[in-house]
Amino acid sequence: MKSLIKLSVLLSVFILLFSSCGKNNEAGKMIPSDALFVAQVNMKSLGNKLSWEDIKKTSWYQKAYSDSTTPDWRRKIFDNPSASGIDFEEGITFFIAKNLGTEYFAVEGDLKSVKDFEQFNKNFNPSRTPSKQGKINVMVLKDNNVVGWNDDHFVYVMSPQTTFTRLYKDNDSSNIQNNNSPADKSTELSSICANLFSLKSDSSLTRNDRFATLLKETGDVHLWQNTEAIIKSSSAMGMLGMMKLDAFTKNNVSTYTINFDKGRIDVDQKTYASKDLTDIVKKYMSNSINMDMIKNIPSQNVLGVLAFNFKPEGIIELIKLTGADGILNSYAQQMGFTLDDFSKATNGDWVLAFSDLKMNPDMSKPEINYIFSAGIGNKANLQKIMEVIKKTTSEMGKDSAINYVMNDKLIALGSSNSFAKQYLSGGNYKYDFSDKISGHPVGFFFDIHRLLTEFSTIKMDRPDKKEILDKSLNTWNNIIASGGEFKKDAFTFHAEINLINKDSNSLKLLSNYMDDIYRINEAKKERSTAKLDSLLVPPPIDTVNVK
């Protein structure tokens, strides 16, 4: 029997593909208000894009189903996931949270059959029996993870150490008998599990308007990231304690709505921040990036572009929020300029671009051109800063590290002085992504297909590597993102991950792609096994010459 952790992952796949999220804030009643991360999935839309019958046709499914070691109860779940007792028509939630310093991973949702659900969990280990804690049934599973349920709802509570670190163990015996197994936290996790059923509304996400807004968005997947809680739980915060970071972390939450559309994956993001941080960004973020700066990029082979408009005065204001402006200004004066010089040097137009990537067949250092350009505010202030940079790099023995040129409007630092001059000379280069990023404060483009095409010029040492690369070339196109506008208390962004095939839904395309990768890896394993078996065959005995 394979490990319980692998079955937990399989259950997660079922849930991710075939679960739905409620559209009201009742969905947050069992999620702690300070949860680090939450994920919910919409079953009805995903079921229309990738059905269970589609999954049954995949190679990984057929191998798992036909495996002689697969028990009958598991085949029953493979045939119909609802046989687990879980109601996949209702909301199921994944989240990561902390309780008194203990981080845990949880999966919770509604039940269709309490009897089937209890049997489903007993199948993992028949020797385990549930205990009663009030109206809640709690069962300790393998690896000391736990599951709790009542007549309507269930929650799996797992330690990340067992859920993720030991995910790829090959068998149950190694999981149980390993002397390096993590400490038994079943009692602590059982307590957490029971407490989740009785969370008060002010301790859960039930009353969180931002969470409710997320769930009202039309989407296949909804994600909630509590950046404030994540940063506070990080050990790195100890080193940053001397800086005033509350303005950056307070109420900082990001939400994501993901849709699998025909030929692409759409991601809509909202970022909420503290009032101090929001006021600064709103004040100094321009309405639109400078598209003329993108037209100047002297190449049709653009690999990636990041463009935005944020006035440098805003950067100074952000520094002041941390309380580090005095120290930085003192250091800048020693170098020969001031923060005021920095704030006046540029006008807030910024572009970073990479182009003309060329991989060398011998795997030596690749060739690539780049441009970093900024719009000039006060040329005298900018010249002062550039002279300081040039002097500093010269003293470090890196005089050639700064290849920059400027005119009355722009300064450009390039991979070479000639490339920077080409950029400043102007142009009218047109790109397919330009219309999608134009008119926004932030724009981003990355050509995945061009990158993979360059890698395909390298001689592969194994056929499976080339097969995977070919499948990737036929799958991935590019990423285009834009945004930065402030709408309804949040900064909004939109990204689309474009696939080569525009005729099919992206979820089905991704399923086919992953199944192709699986088959390639399985074929590689079979070739390796056959080669090993041939080496283990003893040489023939020459009976003619044996005396």
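Quantities reported herein were computed from a predicted structural model and do not represent experimental measurements.

How each quantity is defined
Residues numbered from 1 in each chain as written. Predicted model: local features only at pLDDT ≥ 70, side-chain atom pairs only at ≥ 80, totals over all residues. Heavy atoms only, no water. pLDDT = per-residue confidence, 0-100. Helix = DSSP H or I, 4+ residues; strand = E, 2+ residues; numbered from the N terminus. Contact = heavy atoms within 4.5 Å. Salt bridge = Lys/Arg side-chain N within 4 Å of Asp/Glu carboxyl O. Buried < 20%, exposed > 50% of the residue type's maximum accessible area, 1.4 Å probe, protein only. Polar contact = N/O pair within 3.5 Å; in protein donor to acceptor, adjacent residues only side chain to side chain. Pairing = 2+ DSSP bridges. Phe/Tyr/Trp six-rings, centres within 6.5 Å; stacked < 30°, edge-to-face > 60°. Axes fitted to C-alpha atoms, helices over the stretch in contact; angles between N-to-C directions. Parallel < 35°, antiparallel > 145°, perpendicular 65-115°, else oblique. Left-handed = near helix turned anticlockwise from the far one by under 90°.

### Things to note about the confidence of the model for the protein chain
Right, so step 1: Confidence in the prediction of the protein chain, expressed as mean pLDDT, is 85, and 84% of residues score 70 or more.
Right, so step 2: Averaged pLDDT values for the elements of the protein chain fall to 40 in helix 8 (residues 172-177) and rise to 98 in strand 16 (residues 442-446).
Right, so step 3: A low-confidence stretch, residues 1-24 (pLDDT under 50), is modelled with 87 contacts involving residues beyond four sequence positions or located in other chains.
Right, so step 4: Confidence drops under pLDDT 50 across residues 164-179; counting only partners more than four residues distant or on other chains, this segment forms 31 contacts.

### Quick notes on the pattern of salt bridges
Right, so step 1: Scanning the model with the defined rule gives 21 salt bridges in all.
Right, so step 2: For Asp 447, the salt bridge identified is with Arg 450, shortest N-O distance 3.4 Å.
Right, so step 3: Judged by its relative accessible area of 10%, Asp 447 falls in the buried class.

### Quick word on the environment of Lys 270
Right, so step 1: By secondary structure assignment, the location of Lys 270 is in strand 10 (residues 264-272).
Right, so step 2: Within the local environment of Lys 270, its side chain forms a polar contact with the side chain of Glu 217, the two groups lying 3.0 Å apart.

### Some points on the pairing of strand 6 (residues 146-149)
For a regular strand, side chains alternate in direction, first toward one face of the sheet and then toward the other.
Right, so step 1: On strand 6, burial covers both faces: Val 146 and Gly 148 on one face and Val 147 and Trp 149 on the other are all buried.
Right, so step 2: Two strands pair when backbone bridges link them, and strand 5 (residues 136-140) and strand 6 are joined in this way by four bridges, in the antiparallel orientation. Directly across from Val 140, in strand 6, lies its bridge partner Val 146.
Right, so step 3: Counting the residues in the hairpin turn of strand 5 and strand 6 gives five residues, including Asp 143, whose phi is positive at 60°.

### Examining the packing of aromatic side chains
Right, so step 1: All chains considered together, the criterion is met by 22 aromatic pairs.
Right, so step 2: On the numbers, 6.4 Å between centres and 40° between planes, the contact of Tyr 65 with Phe 78 is tilted. You can see Tyr 65 sitting in helix 4 (residues 59-66) and its partner Phe 78 sitting in helix 5 (residues 72-79), a full 13 residues away along the chain.
Right, so step 3: Between Phe 354 and Tyr 370, the ring centres sit 6.4 Å apart and the planes meet at 45°, which makes this aromatic pair tilted. One end of the pair, Phe 354, is in strand 12 (residues 346-358); the other, Tyr 370, is in strand 13 (residues 367-376), and 16 residues separate them in sequence.
Right, so step 4: The class for Phe 354 is partly exposed, based on a relative accessible area of 33%.

### Focus: unusual backbone geometry
Right, so step 1: Phi is positive for Leu 100, which is not a glycine, with a value near 50°.
Right, so step 2: Within the secondary structure, Leu 100 sits in the loop between strand 2 (92-99) and strand 3 (102-110).
Right, so step 3: Using a relative accessible area of 83% as the deciding quantity, one classes Leu 100 as exposed.
Right, so step 4: One non-glycine residue with positive phi stands out, namely Asn 144, at about 65°.
Right, so step 5: For Asn 144, the location among the structural elements is in the loop between strand 5 and strand 6.

### So, the packing of helix 21 (residues 448-455) against helix 22 (residues 463-473)
Right, so step 1: Two elements in contact, helix 21 and helix 22, have axes whose closest approach is 10 Å; the angle formed by their N-to-C orientations is 155°. Between helix 21 and helix 22, the interaxial angle falls into the category roughly antiparallel. Like other packed secondary-structure pairs, helix 21 and helix 22 cross with a definite hand, here left-handed. For the pair formed by helix 21 and helix 22, the contact residues are His 449, Leu 452, Thr 453 and Phe 455 on the first element and Leu 469, Ser 472 and Leu 473 on the second.

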